[in-house]
Amino acid sequence: MKGYLSIGEFARLRHVNEKSLRYYERIGALVPAYTDPDTGYRYYAPEQVIEMDMILMCLELDIPLRESARFRKVDGTLDIRRLLQEGQQKIQDKLSHLQNSLRQMEDALLRVEEGEQVRDRTDAYRRMLPGRRILRDSFSVSDGKLSFKQASARIFQKGQALGVLPVFTFPIGLVATRRGKTFTADIFLEVLPQKEPLPDLETLPGGAYLCRQQPGRALENPGQLIGSYFAEHPEAGQLVITNLSSASFDPQNTVLELQQPIEI
């Protein structure tokens, strides 16, 4: 028809298929400008490409098409301002999420490279570690592996509630402090630096650490692991236990790094 586009022609304008256009019509998101009552052929006005762009924007922004009606005014006209404003906000949210993911990836790659340099060491070695931002919670070492898993879940949930961004590699660790002939232990969630300070976060001091590696299964009995370390190293006042980052991951063969702060 003169002045109109067939369904095939209209579909090619934005590289969509005819089946999709029929679906958009069924849900009321994009109704053809004219349907021939005799043949049932659908025709679209060229200016309806704006409505098609609205649909494509909704798809890009994960806005359900069945909600696209809220971008139309009472008289049926398209509310371009509202669509663009909401689209702008969603894009900003996506950008923020992607930037956070990029920060996690960059931090994780650095940790992997550092971990690979000491991988499979059987002797004690020194590492200079930066200050680490952590969310800390008390931990009972007497209940073994199950207690560690439950405490890990709790501190993950606490971090999520606070909106902190955990490091990408396994961010859970333990910090134990000698108290005379005994010791106390806390579980911690390591997080990336926050734009806004949070009173719940604290810093594990950076500096020199004397490090040793242990199989991940040693955490099945954290009390024994920590107690044995302090017994064998009477000069140690504190011990940090974390996973050692690696370029490959085998859940059955994880490696712990025991980090003792030292003076140099």
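Owing to the predicted nature of the structure, the values given are computational and were not obtained by experimental measurement.

Undergrad: Quick question: what am I supposed to make of the pattern of salt bridges here?
TA: Any two side chains of opposite charge can pair, given that their charged atoms come close. Applying the stated criterion to the full structure yields 12 salt bridges. Notably, a salt bridge pairs Arg136 with Asp186, separated by 3.0 Å at the nearest N-O pair. Residue Arg136 is found in strand 5 (residues 132-138), and its partner Asp186 is found in strand 7 (residues 182-191); the two are separated by 50 residues along the sequence. The class for Arg136 is partly exposed, based on a relative accessible area of 23%. Of the charged contacts, one joins Arg136 and Glu202 as a salt bridge, the two residues approaching to 3.0 Å between their closest N and O atoms. Taken as a pair, Arg136 in strand 5 and Glu202 in strand 8 (residues 201-204) lie far apart in primary sequence, 66 residues in all. For Glu202, a relative accessible area of 32% corresponds to the partly exposed category. In this structure, a network of salt bridges that share partners links the residues Asp107, Arg111 and Glu190.

Undergrad: Help me understand the side chain of Gln213 in this model?
TA: Of note, Gln213 is situated in strand 9 (residues 207-215). Looking at Gln213, the relative accessible area reads 18%, which means it is buried. Within the structure, the side chain of Gln213 is placed 2.6 Å from the backbone oxygen of Val118, a separation counted as a polar contact. Within the local environment of Gln213, its side chain forms a polar contact with the side chain of Tyr125, the two groups lying 3.1 Å apart.

Undergrad: Explanation requested: the environment of Gly8 in the structure shown.
TA: By the element assignment, Gly8 lies in helix 1 (residues 7-13). Linking Gly8 and Ala69, residues 61 residues apart in sequence, is a C-alpha distance of 24 Å.

Undergrad: Would you mind showing me how to read the nonpolar core here?
TA: It is characteristic of soluble globular proteins that their nonpolar side chains tend to be buried jointly. Counting residues in each nonpolar core, the largest one holds 25 residues, and the members touching the most others are Leu174, Ile187 and Ile241. Contributions of two or more residues to this core are made by helix 5 (144-162), strand 6 (172-179), strand 7, helix 6 (222-232), strand 10 (238-243) and strand 11 (255-261). Aside from chain neighbours lying at most four places away, what touches Ile187 is Leu135, Arg136, Asp137, Ser138, Phe139, Phe148, Ala151, Ser152, Ile155, Ile172, Gly173 and Leu174.

Undergrad: Help me understand the sheet that holds strand 8 in this model?
TA: Two pairing modes exist for strands in a sheet, parallel and antiparallel, and in both the strands are linked by backbone hydrogen bonds. Reading across the sheet, the eight strands line up as 4-9-11-10-6-7-5-8 and stay open at both edges, with antiparallel pairing between neighbours. Of all strands in the sheet, those bounded by a partner on one side alone are strand 4 (125-129) and strand 8. When strand polarity is set aside, the average angle formed by the axes of neighbouring strands in this sheet is 40°. Judged from the four bridges that link them, strand 5 and strand 8 form a sheet pairing that is antiparallel. What sits directly across from Ile134, in strand 8, is Glu202. Running at roughly 45° to strand 6, helix 6 makes contact with strand 6, strand 7, strand 9, strand 10 and strand 11 of the sheet.

Undergrad: So what exactly am I meant to see when it comes to unusual backbone geometry here?
TA: With the exception of glycine, the majority of residues adopt a negative phi angle, and the majority of peptide bonds are in the trans configuration. Phi is positive for His15, close to 55°, though the residue is something other than glycine. For His15, the location among the structural elements is in the loop between helix 1 and helix 2 (18-26). Since its relative accessible area comes to 76%, His15 is described here as exposed. In this model, Asp120 sits at a positive phi of 65°, which is unusual for a non-glycine residue. Counting through the fold element by element, Asp120 comes out in the loop between helix 4 (80-118) and strand 4. Residue Asp120 is classed as exposed on the basis of its relative accessible area of 62%.

The rules we used
Every chain begins its residue count from 1, and numbering advances along the sequence as written. Local features are withheld for residues below a pLDDT of 70 in this predicted model, meaning they are given only at 70 or higher, and side-chain atom pairs are given and counted only at 80 or more; totals for whole chains, interfaces and linings count all residues. Side-chain metrics rest on all non-hydrogen atoms present in the structure, leaving aside hydrogens and water. Here, a salt bridge means any Lys or Arg side-chain nitrogen found within 4 Å of an Asp or Glu carboxyl oxygen. Per the convention used, a helix needs a DSSP run of H or I reaching at least four residues, while a strand needs a run of E reaching at least two, with both numbered from the N terminus. Buried, partly exposed and exposed residues are distinguished by accessible area as a fraction of the type maximum, computed with a 1.4 Å probe on protein chains only: under 20%, between the cut-offs, and over 50%, respectively. Residues adjacent in sequence count toward polar contacts only when both atoms are side-chain atoms; beyond that, a polar contact is any pair of N or O atoms within 3.5 Å, and within protein one must be able to donate a hydrogen and the other to accept it. Buried Ala, Val, Leu, Ile, Met, Phe, Trp, Tyr and Cys residues that are joined via side-chain atoms within 4.5 Å together make up what is termed a nonpolar core. We call two residues contacting when some pair of their heavy atoms lies within 4.5 Å. Paired strands, as defined in this entry, are two strands with at least two bridges between them according to DSSP. Note on geometry: axes are C-alpha line fits, over the in-contact stretch for helices, and angles between N-to-C directions span 0 to 180 degrees.

In short, the description is geometric, and any link to function would need to be established separately.
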